[in-house]
Every structure is written in structure tokens, then in C-alpha cells.
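Coordinate inspection notes
What follows is each chain in one-letter form.
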Amino acid sequence: MFARLFGRNRQRDLAPSTEGRLVYAVGDVHGRLDLLGPLLHDVAQDAVAADRTEPRPLLVFLGDYVDRGPDSRGVVDLILQMQTWPKFEVRALKGNHEEALLQFLGEPSFGQTWMEHGGAATLVSYGVQPPAQRTDPEAWKPVRDAFAEALPPVHRAFYENLELMVTVGDYAFVHAGVRPGVALQDQSERDLLWIRQEFLAERGRFEKVIVHGHTPMETPQLTPTRLGVDTGAYATGILTAVRLDGEDQQILQAKAKRPVHAVA
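Every value quoted in this text rests on a predicted model; they were computed, and no experiment measured them. Along each chain, residues carry numbers from 1 onward, in the same order as the chain's sequence is written. pLDDT decides what is reported in this predicted model: residues at 70 or higher carry local features, side-chain atom pairs at 80 or more are listed and counted, and totals for whole chains, interfaces and linings draw on all residues regardless. Processing note: side-chain calculations cover all non-hydrogen atoms of the structure and skip hydrogens and water entirely.

Here's the deal with the sheet that holds strand β8 (residues 226–228)
Pairing between strands requires that DSSP locate at least two bridges from one strand to the other. Each helix corresponds to a stretch of at least 4 residues labelled H or I by DSSP, and each strand to a stretch of at least 2 residues labelled E; elements are numbered beginning at the N terminus. Strands sit in the order β4-β5-β6-β8-β7 across an open sheet of 5 strands; the sheet is mixed. Each edge of the open sheet is held by one strand with a lone partner, namely β4 (166–168) and β7 (221–222). In this sheet, β8 lies alongside strand β6 (residues 209–212) in parallel orientation, the contact comprising 3 bridges. Residue pairing for β8: His212 is matched across the bridge by Gly228.

What follows is the structure in C-alpha cells.
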């Protein structure tokens, strides 16, 4: 069963704006192709109904495409397919889980740590099995080599060329958040991929309204300073996107009948 919810952010004195651009931002997918397909179908239908041609609607993916859920490879295939559709401009951000994947490719011994954060599901989606002895550093090199061989060149290029930030009007799109008191142009990659408590606890305004994923919440977080759209799809079966159009904010969701648990 799939559902769409709508909500508006009415708390800001001066409503943020996309300055006339229609924008969709998709939260952390984590291998849930079963949710991403229906959500993008709704997004595409909405964009067609909106009939915007100049500028094209913008579709931003907020990172964490891989790990935990069952079909990381399929998720990337679908995003690459969306990039060929002329209706949208598609931008894909880097998440901390993509950083982990790239670290494993360069440093096989990192595999044990990656597995603790759901990396086994990604390996399996590419037809590669984790080693039986996951604590043995030497066991990870052949697994890394097999993964590198199984990884289509277009997928590797996708992971290696992910962006850290996209800005539109009064909004900045990042994976995790930003460090308070630091200009957007000076934010570190680590904070953009990993920051959590310092960002979430900040009560002051940022340079722009921050649209982010990374921290799963039961419901989307629409506040005057940030829009959090990670609803823990891999565990909850709910994938969330936000639709921004001028000063309007709406939430779109795809819901599955039951969650799909991570590969151990």
C-alpha cells in the first residue's frame, strides 16, 4: 500500500522560496527499490501535471542509496535511469554510506566496519558474498577485488562523482546537515556527511533552510530552519520526499505493507 501525505511549514515569518523552481528531494533510500520506484512514479506524475519546462523540475537525492535494504544495485540503476529522462534535472548527493563503500574499495580491511553498518546487503546486491571470517583482515581483500570487478563502471563513476551540496533559492540540500556558525561554502565534507546532534539541536537560523536526511525520524521534520526527510525506509517501509514549489512545501511518501530487514 502506498500513500501520499501533505503538510505545510507555516512557522517561518518570511516563507522560504525556491524562487519559482519546482524541486523534489528524496530521503535516504538504503536499498529499498520497492519503495523508490513507486515514489518516483508519483513524483513523475506530479511533475507532468505541473507542466514546467523552463527551468525543468529539479530532483535531488539526499544520499545513502546503499546498505541495509535488499537492492542497492537496483536503486542506483533507477537513479541513473532518471538522469536520462529529459523532464528532470537530477542531482545526487553523497551520503556517509557511499563514503563507506568507497573507503572499502580503497581499503579492504575497512570491510569489517562497513558490515557493521549494513554493507553486507550492498555486496549481496552485486552478487558478492562477505567472507565467513569477517574479523580476519586478510579475508577482505578477495572480497574487495570481487566487488570491484562486479561493480559496473557506470556505478563506480556514480559513487565517485556524488555531490556534497545543492542550493536553490532559500534552500540548501545536504545529506546530514551543517555545522552551526560556519558558512555554507566553508562546511567540511565530514560534517555534511556525518553531523547530527550539533545540527539538530541548533535553534538559530542557518544561511539557508537545510533539507537533509541521515537522521531517521518517525515523521518528516518540517521546521523553520530545516526539513528532515529520512523516515528510516529500510526498517519502517516508509520512504519520504519533500516537494518544494515557490513558498509551498508538501510531503510525498511511499509505504510498503511490511518492512524488509537488513542483510546480516
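So, the environment of Gly181
Here Gly181 shows up in the loop between β5 (171–173) and α8 (189–194). Burial classes follow relative accessibility: with a 1.4 Å probe on protein chains only, a residue under 20% of its type's maximum area counts as buried, one over 50% as exposed, and anything between as partly exposed. In this structure Gly181 comes out as exposed when scored by relative accessible area, which is 88%. Distance from Gly181 to Glu202, taken between C-alpha atoms, is 9.9 Å for residues 21 residues apart in sequence.

A word on the pairing of β6
Of the two faces of β6, the one lined by Val209 and Val211 and the one lined by Ile210 and His212 are each fully buried. With 3 bridges joining them, β5 and β6 adopt parallel strand pairing. Within β6, the position partnered with Tyr171 by the bridge is Val209.

Considerations on the packing of aromatic side chains
Aromatic pairing here means that ring centres of Phe, Tyr or Trp (its six-membered ring) are within 6.5 Å. Orientation follows from the plane angle: under 30 degrees is stacked, over 60 is edge-to-face, and everything else is tilted. Under the counting rule described, the total for this entry stands at 12 aromatic pairs. Taking the centre distance of 6.0 Å and the plane angle of 75 degrees together, the rings of Tyr24 and Phe88 count as edge-to-face. Here Tyr24, found in strand β1 (residues 22–26), pairs with Phe88, found in the loop between α2 (72–83) and β3 (89–92); they are 64 residues apart in sequence, far enough to count as distant. Phe88 shares its class with Tyr24; the two are buried. Among the aromatic residues, ring-to-ring pairing joins Phe104, Trp114, Tyr126, Trp140 and Phe147 into one connected group.

Distances and angles like these do not, on their own, reveal function.
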